[in-house]
Amino acid sequence: MEEAMQAVSSPSKTSIKFGTDGWRAVIGDQFTFDNVARVAQAYAEYLLEQQGKKVVVGYDTRFMAPRFAQKVAGVLAANGLEVYLCKSYLPTPVLSFAVKHLEADGGVMITASHNPPEYLGFKIKGSYGGSATPALVSEVEKRLGPPPRTASATVHSLDVRKAYYDFIAQQLDLEALRSYTGVIYHDSLGGAGAGWLAGFVKHAGLKLELRELHAVPDPMFYGVNPEPVPQNQFTVMTVLKAEQDPVFAVVNDGDADRIGAVLAGGIHFNSHQIFAVLLKHLHRKGRTGRVVKTFSTSKVIDKLAQRLGLPLLVTPIGFKYITDEMLKGDVLIGGEESGGIGVAGHLPERDGLLNALLLLESVVYSGKSLGEQFAEIEAELGFKHTYNRIDLHLPSMGHLEEAMAKVQTPKPIAGQQVSGVETLDGIKWIFADSGWLLFRASGTEPVLRVYCEAQDEKTVGAILSEAQKLLGL
């Protein structure tokens, strides 16, 4: 019995594994104070070896997040680092801004982003104010060891709300935004974005009417997973049914680095559509540069970039790969299927709050609703976008491997002929009409994600249904 207890209290190094953006685990299971301290110690050792001196720590609205953040801050400070702990919950992009604003050598955000309420996580930020690169994460993982013994050390309190507002204001046309006197909704889902967009509206003197939903932080996210997808947007979609264009709602995930949108009439406006509208808007403002997208993002981005004469790069899935490209420079916009989008002039980071304001700016500039803007893009490209994704939860990682083995060799599906296969991240079957079907295994849990884009909803539904049958699920 003692040996079993020891195994639980001192898990192996492999029990902590960073995914596409940080390490996440269930609170009280693997996400314990001891494990969090181990990761904090590994990060401290990395920073010190890089001659780092200063680090910022923030947290979201999840259960025990402030306590875990205090633990991280204490470990970092005990290693001799100058540590700043944000005095209240804040969005991840604000923590990233704080790193850059203070000229710190790195940052930690205690958040599980869009994961279910029982999860918490540890996101590392580079000195550049963005997601840790794969190389940085690898260096931290190498240094994982036993929980450190820490002594008390000074931790400084930090509030960067006003400084962040001033920073994003520089990237917006405030005169145009102040001319808008209509309504916009903001649903934070009870996450770290709660109150932050309303705060900016007041700070910038905007005249619009901002109507907040789920604005009071809630560790249970009002009974849904804090991800801006239709199944979690019942309330906002119901409220928007009674509205008319150009009114829309922006929805953020649990740490407000991602964005979703709902149009008047209660219509879901997906992340690919948001990406396309923002790309067209930034180009309209006279900005230029490379367009970067992840492997699971719509072909509409490829076609729009080509039409605008902008170079396109496709990366594996995970915003850290986009961060790598943004650090190289000359990136106009980079985005992913999950709603994380970074833009030129900002940090190499996703920001659901800034992107919400840029969407509003696009409405003011164009005089058209978000839906009308995207319909115009489709007409220009001669391409109809329809998309969906299903997540298949399997009994074990072994079952996941078996499922992926079944899709190695492509075959006709739902009347679609496969014209090619791409394997940058998962297995993607390419159809003759520019549609595609992607099978991608999670690297951290037994989940198979199946993505599909085609020219109409009926075809997408048929392809996904047959894909499930093919997998025997």
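Refer to the structure printed above.
Since this is a predicted model, take the numbers as computed values, not measurements.

Novice: Just checking my understanding: could you explain the sheet that holds strand β14 (residues 331-335) for this structure?
Specialist: Strand pairing in a sheet relies on backbone hydrogen bonds, with the paired strands running either antiparallel or parallel. Across the sheet, four strands lie side by side as β13-β12-β14-β15; this open sheet has mixed pairing. Here the strands that pair on one side only, and so sit at the sheet edges, are β13 (312-315) and β15 (341-343). Strand-to-strand twist in this sheet, taken as the mean axis angle between neighbours without regard to direction, amounts to 15 degrees. By the bridge criterion, four bridges tie strand β12 (residues 290-294) to β14 in an arrangement that is parallel. Across the sheet, the residue bridging to R290 is V331, located in β14. Lying over the sheet, helix α11 (residues 299-308) contacts β12 and β13, oriented at roughly 170 degrees with respect to β12.

Novice: What is the right way to read the pairing of strand β1 (residues 23-26) from this model?
Specialist: Side-chain positions along a regular strand alternate between the two faces of the sheet. With burial as the criterion, only one face of β1 is covered, namely that bearing W23 and A25; the residues R24 and V26 on the opposite face remain uncovered. In the sheet, β1 pairs with strand β5 (residues 119-126) via four bridges, with the strands oriented antiparallel. Its bridge partner being in β5, R24 is matched across the sheet by G121.

Novice: Got a minute to help me understand the packing of aromatic side chains in this structure?
Specialist: A ring pair, where both rings are aromatic, is described by two values, the distance of the centres and the angle of the planes. Within this structure, the stated rule accounts for twelve aromatic pairs. Here the aromatic rings of F31 and F68 are separated by 4.8 Å at their centres, their planes lie at 70 degrees, and the arrangement is edge-to-face. Here F68 lies in helix α3 (residues 65-78) and F31 lies in the loop between β1 and α2 (33-49), a separation of 37 residues in the sequence. Side by side, F31 and F68 carry an identical accessibility label, which is buried. For the ring pair Y387 and W436, a centre distance of 6.4 Å and an interplane angle of 50 degrees mean the geometry is tilted. Separated by 49 residues along the polypeptide, Y387 in strand β16 (residues 386-393) and W436 in strand β19 (residues 436-441) bring together distant segments of the chain. For the pair formed by Y387 and W436, the shared burial category is buried. Feature note: the residues F97, Y164, Y165, F167, W196 and F200 constitute an aromatic cluster, connected by ring pairs.

What counts, and where the lines are drawn
Residue numbering note: each chain is counted from 1, following its sequence as written. Per-residue local features are limited, in this predicted model, to residues with pLDDT of at least 70; the limit for side-chain atom pairs, both in listing and counting, is 80 or more; totals at the level of whole chains, interfaces and linings are taken over all residues. To obtain the side-chain values, all non-hydrogen atoms of the structure were used and water was disregarded. Between any two strands, pairing holds if DSSP finds at least two bridges. In this description a helix means any DSSP run of H or I spanning at least four residues, a strand means any run of E spanning at least two, and both kinds are numbered starting from the N terminus. Lines fitted to the C-alpha atoms define the axes, with helices restricted to the stretch that makes contact. Angles between their N-to-C directions range from 0 to 180 degrees. Here, residues are in contact when the closest pair of their heavy atoms is within 4.5 Å. Exposed residues in this analysis have more than 50% of their type's maximum accessible area, buried residues have under 20%, and partly exposed residues fall in between, with area computed by a 1.4 Å probe over protein chains only. Only the six-membered ring of Trp is used, alongside the rings of Phe and Tyr, when aromatic pairs are assigned; centres must lie within 6.5 Å, and planes under 30 degrees apart are stacked while those over 60 apart are edge-to-face, with the rest tilted.

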